[in-house]
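Tertiary structure, described
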Amino acid sequence: MKKKQFKAESKRLLEMMINSIYSHREIFLRELISNSSDAIDKIYYKALTDETISFNQENYYIKVTANKEDRTLTIADTGIGMTKEELENNLGIIAKSGSLAFKNENEIKDGHDIIGQFGVGFYSAFMVADVVTVTSKALGADEAYKWQSSGTEGYTIDSVDKDKVGTVITLKIKENTEDESYDEFLEEYRLQSIIKKYSNFIRYPIKMDVSSRKPKEGTEDEYEETKEEQVVNSMVPIWRKNKKELTTEDYENFYREKHYGFDKPVKHIHLTVDGAVRYNAILYIPEKVPFDFYTKDFEKGLELYSNGVLIMDKCSDLLPDYFSFVKGMVDSEDLSLNISREILQHDKQLKLIAKNIKNKIASQLQSLLRDERDKYVEFFNSFGRQLKYGIYSDFGANKESLQELVMFYSSTEKKLVTLEEYVSRMPEDQKYIYYASGESNERIEKLPQIELVSDKGYEILYFTDEIDEFAIKMLMTYKEKEFKSVSSGDLGIDSDDTKENNDAEQTENKELLEYMKNILTGQVKDVKISKRLKSHPVCLSTEGELTIEMEKILKSMPNNQNIQAEKVLEINANHEVFKSLKTAFESDKEKLDLYTKLLYSQALLIEGLPINDPLEFTNDICKIMK
Ligand code: ADP
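Residues numbered from 1 in each chain as written. Predicted model: local features only at pLDDT ≥ 70, side-chain atom pairs only at ≥ 80, totals over all residues. Heavy atoms only, no water.

Another point: the overall build of the chain. Within the chain, the secondary structure is distributed over 19 helices and 22 strands. Rg of the C-alpha trace for the chain: 36 Å, well past the compact-globule value of 25 Å for 626 residues, more than 25% over. Referenced to the eigenvectors of the C-alpha coordinate spread, the extents of the chain come out at roughly 120 × 65 × 55 Å. Burial status across the chain gives 50% buried among its 626 residues. Across the chain, every contact between residues at least 6 apart in sequence was considered, and the portion connecting residues at least 24 apart equals 68%. Counting only carbon and sulfur atoms, one obtains 46% of the accessible surface of the chain, whose full area is about 32100 Å². When the 87 basic and 113 acidic side-chain charges of the chain are each reduced to a single mean position, those positions are 2 Å apart. (Helix = DSSP H or I, 4+ residues; strand = E, 2+ residues; numbered from the N terminus. Rg over C-alpha atoms; globule rule 2.2 N^0.38 Å. Buried < 20%, exposed > 50% of the residue type's maximum accessible area, 1.4 Å probe, protein only. Contact = heavy atoms within 4.5 Å. Areas by Shrake-Rupley, 256 points an atom, 1.4 Å probe, with all protein chains shown as cover. Lys, Arg positive; Asp, Glu negative; His and termini not counted. Charge placed at Lys NZ, Arg CZ, Asp CG, Glu CD.)

Given below as structure tokens:
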């Protein structure tokens, strides 16, 4: 038995491998099981062309056994095995992949289930083991060999007795240290869960002897511990099954099994794509908002598999933020993985998949809206805000498809409606899409500003989400119709008569209005006779782009600049109060000061804005009571 040395470079590489390539130690099991699966696949491929080899599915499996007393973990397979040379070449030379060579030699392009390609995965065993022993008998060979290594110091190869073709890898699990515990890799339950997490969809059975307590035969209350061999993995991934054979229940079960959520998804999307990039995906639109959805702990993303092996729990690049509620998985054989198979090398394929998925989700939501309105409304109540954010974000890059998916509460329909529905109902003389902003539908309903538009018989959309006005500013128009706030200066509905009348009133009361404007210097841009007020004495309107709702939102943000909407105090000339203003203007300026301040405060309150000095306000009210 002669000890062979790793080459110097290999030594360094091995150390690096063991200590820094993988972010989770548990990955070693994924790597070893993937190797075993590859080894079985190789017999399968050989059998396709070699008649002397038969491939009977039942004879092929992987078995994982933990022995706590010996501190050993064994991964055995009935795969193709390795000859002495192969042990030497594949396990003695780091970064040499026998599997990659096999694929090239056998020109396997399709059916590409073989996972290995980098020739490093095996060494991850040293993250958890002091000594790794590989006993292997190659298909068609008479002799079996044992390869053994305790890491960077090199390895030995000896002859050994082994009947069956295949490979047995035995890991001597490290002793616990003060900071690190390795015991978990000898725990049945933990091993099962690692296998389920990463290797659930390996095509061959992964078996384990699982303990259970059963009543002892012939006794009533005595139990005995028994071990029973069980298959831990589910093998055939649902996403590789034929869509026609799957029921909604199958998809819902998968949703629950995967812990995507506790609710029932409103829709599932099963994609089998065989284009520029090949992939399978199962996506879900959840029904309910996950409890952490609007917290910073929430992470969006889809599970990412490469050839049925889990690569990433939450691949965030696969989903735009506005679809962050989507759950599910993607499996692709076309990904360029880096050597730890934890991250992706180039993201070209991934980008393609992401783009594809994004379009699919949008079109599926579209059909949900069209065909199952109630379900869509339910979905929209949960996640609609995300879609509106989507319109606003990325400088409106996605607004085209998203504008068809957003809904707003309608003043006339008394329910959520789409923009398309709104526009299709617009009377010919209506120029704009009208909206009113406020905290809730109930509050908006009471806004004085909506009276005129409502009386005209026009529909008004209620904006109750902070993002609404920002999203609409990004859209600018829908089907060439501009959006118009009911609080904006010019509503575009006045007849020539109304305009003339208003101009006349404005001129007639010029001095009074000027006087009031002076009192409110710095607070309003102007004081005007209103064209829109009917029963209320005052309201605020705005000039320019910024509305009062937007001002509120911007002010609530951290590091806000002192952003002000250009406010106009509008007064109803037909209201009793106006007469009092005129009288006060002529005979009692002090009273006019008081009235002006009070009216302005009232207008602020109606808008849900804070009044400047509540104490002064209450004192002023007392003054008029005297
Ligand atoms: P990779 O799997 O990326 O090729 P590894 O370092 O995990 O890299 O394995 C190196 C090579 O060792 C594999 O390509 C394969 O040829 C061989 N090998 C590893 N494990 C087994 C096994 N259980 N049975 C047969 N061959 C194996």
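Picking up after the structure, the text goes on.
A separate point is the packing of helix α8 (residues 373–392) against helix α13 (residues 468–475). Running from amino to carboxyl end, α8 crosses α13 at an angle of 40°, the nearest separation of the two axes being 8 Å. One finds that α8 runs oblique with respect to α13. For the element pair α8 and α13, the recorded crossing hand is left-handed. Side by side, α8 and α13 meet where K388, I391 and Y392 of the first sit next to D468, F470, A471, M474 and L475 of the second. The class makeup of the residues in the contact of α8 with α13 is six nonpolar, no polar and two charged. (Axes fitted to C-alpha atoms, helices over the stretch in contact; angles between N-to-C directions. Parallel < 35°, antiparallel > 145°, perpendicular 65-115°, else oblique. Left-handed = near helix turned anticlockwise from the far one by under 90°. Nonpolar A, V, L, I, M, F, W, Y, C, P; charged D, E, K, R; others polar.)

We now examine the side chain of D263. Its location among the elements puts D263 in the loop between α6 (248–257) and β9 (267–274). Buried charged residue D263 carries no salt bridge. Nearest counter-charge: K288, at 6.4 Å. In terms of polar contacts, D263 uses its side chain to reach the side chain of Y255, at 2.8 Å. Residues in contact with D263, not counting those within four places in the same chain, are Y255, P286, E287 and K288. (Salt bridge = Lys/Arg side-chain N within 4 Å of Asp/Glu carboxyl O. Polar contact = N/O pair within 3.5 Å; in protein donor to acceptor, adjacent residues only side chain to side chain.)

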